[in-house]
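The residues making up each chain are set out below.
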There are 2 protein chains.
Amino acid sequence: MTELEFVEPAKIEARSFEILTQELPHPIDERYAPIIKRVIHTTADFDYADTLYFSENVLPQALDALRAGATIVTDTQMAYSGINKPALRRHGCEARCFISDPDVAAAAKAAGITRSAAAMDKASQLGGRLIFAIGNAPTALIRLRELLDARSLQPSLIIGVPVGFVNVVASKEQIIASGAPCIVARGRKGGSSVAAAICNALLYLLGREES
Amino acid sequence: MTELEFVEPAKIEARSFEILTQELPHPIDERYAPIIKRVIHTTADFDYADTLYFSENVLPQALDALRAGATIVTDTQMAYSGINKPALRRHGCEARCFISDPDVAAAAKAAGITRSAAAMDKASQLGGRLIFAIGNAPTALIRLRELLDARSLQPSLIIGVPVGFVNVVASKEQIIASGAPCIVARGRKGGSSVAAAICNALLYLLGREES
């Protein structure tokens, strides 16, 4: 049986990053290393060293939005829960999730669409800078693409990391092809924890430049 | 680009299970298929067809506990968020997460342990049937093993699926070796969404036998 290693509570995360950095399958883009590594930290899955796509210039755009007090819209309560709220508040940002709202359920039922898609419609009405963190629902991404095409949305960032088997790959490729600022986990993998990890990595990057 | 497939909202999950069942790398144990498949559904990761460990007779024990109105204790708010609350209420069960409680933070600081470990101490004081769903913190699992060894805990089920690089593999093996009823994702992978998915799979199994 593998032996336990004694690591002080406050040093567990640093030790994790040390191990995963040593085990990276190949060198990764230094600009995106804090994001790629945090996703691997969250998943223990080195596939993300290859699958994460970053649109051109996405990082300055995303950090600008956070500096301006962006709203992060998630598709699930799980992704919402995983975002570091103290870090969010420190930068004057907030997170929202509309999936459980009664008006969203009603709109979805009336239109024969998923609640995730209807939640994107509601979010598109928000003012200010918007970051979408989609870890579960390809139908949310597909709706975002429709809103982009209709010029009803100018997001500062779309984090497109749904997981699964139905329209997941295609919905992510549609976001990449849209030309919108995005970070996407190509392929079937992703999830709410990946979406939250990317949000947190961005918040920590902001923290770093201020300290 | 992969084409979008039209699937009615209500049929997306069934279609996902159909695809992943076709793509399973090998036949899986029928008794545990609903759990294994739901974890693969949540992660798009077929590794779980090989890494999920089920202790002998674990399913009847877990379902008995849920029938008796068990409390599910999670190590993170994310895992808590991912558990299907209507399904939980339907069976008279509840979910709790103590990680953000001020008394847990204070106890952790005083003892030089993680908040996750201190949260397990608090949970061990609860009455009734207990199911632990640990998707993040190996230190929570290590604490559960200590409580088991001290005979301070008789859980109905431990879901041991933390993810990561420090003591993750060893802590899971310690739970398996304890002989406690458990479902464990051997290796480094797991996560809050995996923990929640296993809880939900158990709740749906219960729903199925009642319908």
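Attention now moves to the packing of helix α9 (residues 138-149) of chain A against helix α10 (residues 168-178) of chain A. Residues and elements named next belong to chain A. Running from amino to carboxyl end, α9 crosses α10 at an angle of 25°, the nearest separation of the two axes being 9 Å. Relative to α10, the element α9 is oriented roughly parallel. Two packed elements cross with a definite hand, and for α9 against α10 that hand is left-handed. Residues Pro-138, Leu-141, Ile-142, Leu-144, Arg-145 and Leu-148 of α9 form the contact with α10, whose own contacting residues are Val-168, Ser-171, Lys-172, Gln-174, Ile-175, Ala-177 and Ser-178.

Counting from both sides, the interface comprises 45 residues of chain A and, opposite them, 45 residues of chain B. Our enumeration of links across chain A and chain B arrives at four salt bridges. Across the pair B:Asp45 and A:Lys189 runs a salt bridge whose closest N-O atoms are separated by 3.7 Å. The tally of links between chain A and chain B comes to five residue pairs in polar contact (both at pLDDT 80 or more).

With that settled, the discussion passes to the packing of aromatic side chains. Under the defined criterion, the tally for this structure stands at four aromatic pairs over all chains. Judged by centre distance (3.9 Å) and plane angle (0°), the ring pair of A:Tyr32 and A:Phe54 falls under stacked. Here A:Tyr32, found in the loop between α1 (12-23) and α2 (33-43), pairs with A:Phe54, found in strand β1 (residues 52-54); they are 22 residues apart in sequence, far enough to count as distant. Like A:Phe54, A:Tyr32 is buried. Here the aromatic rings of A:Phe165 and B:Phe46 are separated by 5.9 Å at their centres, their planes lie at 70°, and the arrangement is edge-to-face.

With that settled, consider the sheet that holds strand β3 (residues 94-97) of chain B. Residue and element names in this part refer to chain B. Ordered in space as β1-β6-β5-β4-β2-β3, the six strands form an open sheet in which the pairing is mixed. The open sheet has two free edges, formed respectively by β1 (52-54) and β3, since each of these has just one partner strand. With strand direction ignored, the average angle separating the axes of adjacent strands in the sheet is 15°. As paired strands, strand β2 (residues 71-74) and β3 are joined by four bridges and run parallel to one another.

Quick look at the side chain of B:Thr76 now. Residue and element names in this part refer to chain B. One can find Thr-76 in the loop between β2 and α5 (77-82). On the accessibility criterion, Thr-76 (12% relative accessible area) is buried. Among residues more than four places away in sequence, those in contact with Thr-76 are Cys-97, Asn-136 and Ser-192.

Let us now look at the confidence of the model for chain A. Taken over all residues, the pLDDT of chain A has a mean of 95, while the share at 70 or more is 98%. If you check the scores for this complex, the pTM reads 0.95 and the ipTM reads 0.93.

Attention now goes to the relation of the copies chain A and chain B. Copies of the same chain, two in number, are related to each other by a rotation about an axis and a translation along it. For the pair chain A and chain B, the best superposition has an RMSD of 0.0 Å and corresponds to a rotation of 180° with a translation of 0.0 Å parallel to the axis. Put plainly, the chains are arranged around a two-fold axis. When C-alpha positions in chain A are compared against the rotation axis, the closest is assigned to A:Met78, at 2.6 Å. Most of the interface of chain A is mirrored in chain B, where 100% of its interface residues are also at the interface.

Okay, the side chain of A:Asn200 next. All names here are of chain A. In this fold, Asn-200 is placed in helix α11 (residues 192-210). Residue class for Asn-200 comes out buried when judged on its relative accessible area of 9%. Residue contacts for Asn-200: discarding those within four places in its chain leaves Arg-38, Gly-82, Ile-83 and Asn-84.

Along the chain, A:Tyr80 turns up in helix α5 (residues 77-82). With relative accessibility at 30%, the residue A:Tyr80 sits in the partly exposed group.

Attention now goes to the nonpolar core. Within the largest apolar cluster, 52 residues are counted, with the highest numbers of intra-cluster contacts made by A:Ile35, A:Ile40, A:Leu66, A:Ile72, A:Ile159, A:Ile198 and A:Leu202. At 10 residues, the largest contribution of residues to this core is made by α11(A). Beyond its immediate stretch of four places on either side in the chain, A:Leu66 contacts A:Ile72, A:His91, A:Cys93, A:Ile131, A:Leu202, A:Leu203 and A:Leu206. Core analysis: the next-biggest nonpolar cluster, separate from the first, contains 51 residues, B:Ile36, B:Val58, B:Ala133 and B:Leu157 among them.

Calculation rules
Residues numbered from 1 in each chain as written. Chains lettered and ligands numbered in written order. Predicted model: local features only at pLDDT ≥ 70, side-chain atom pairs only at ≥ 80, totals over all residues. Heavy atoms only, no water. Axes fitted to C-alpha atoms, helices over the stretch in contact; angles between N-to-C directions. Helix = DSSP H or I, 4+ residues; strand = E, 2+ residues; numbered from the N terminus. Parallel < 35°, antiparallel > 145°, perpendicular 65-115°, else oblique. Left-handed = near helix turned anticlockwise from the far one by under 90°. Contact = heavy atoms within 4.5 Å. Salt bridge = Lys/Arg side-chain N within 4 Å of Asp/Glu carboxyl O. Polar contact = N/O pair within 3.5 Å; in protein donor to acceptor, adjacent residues only side chain to side chain. Phe/Tyr/Trp six-rings, centres within 6.5 Å; stacked < 30°, edge-to-face > 60°. Buried < 20%, exposed > 50% of the residue type's maximum accessible area, 1.4 Å probe, protein only. Pairing = 2+ DSSP bridges. pLDDT = per-residue confidence, 0-100. Least-squares fit on C-alpha atoms with pLDDT ≥ 70 in both. Core = buried A, V, L, I, M, F, W, Y, C linked by side-chain atoms within 4.5 Å.

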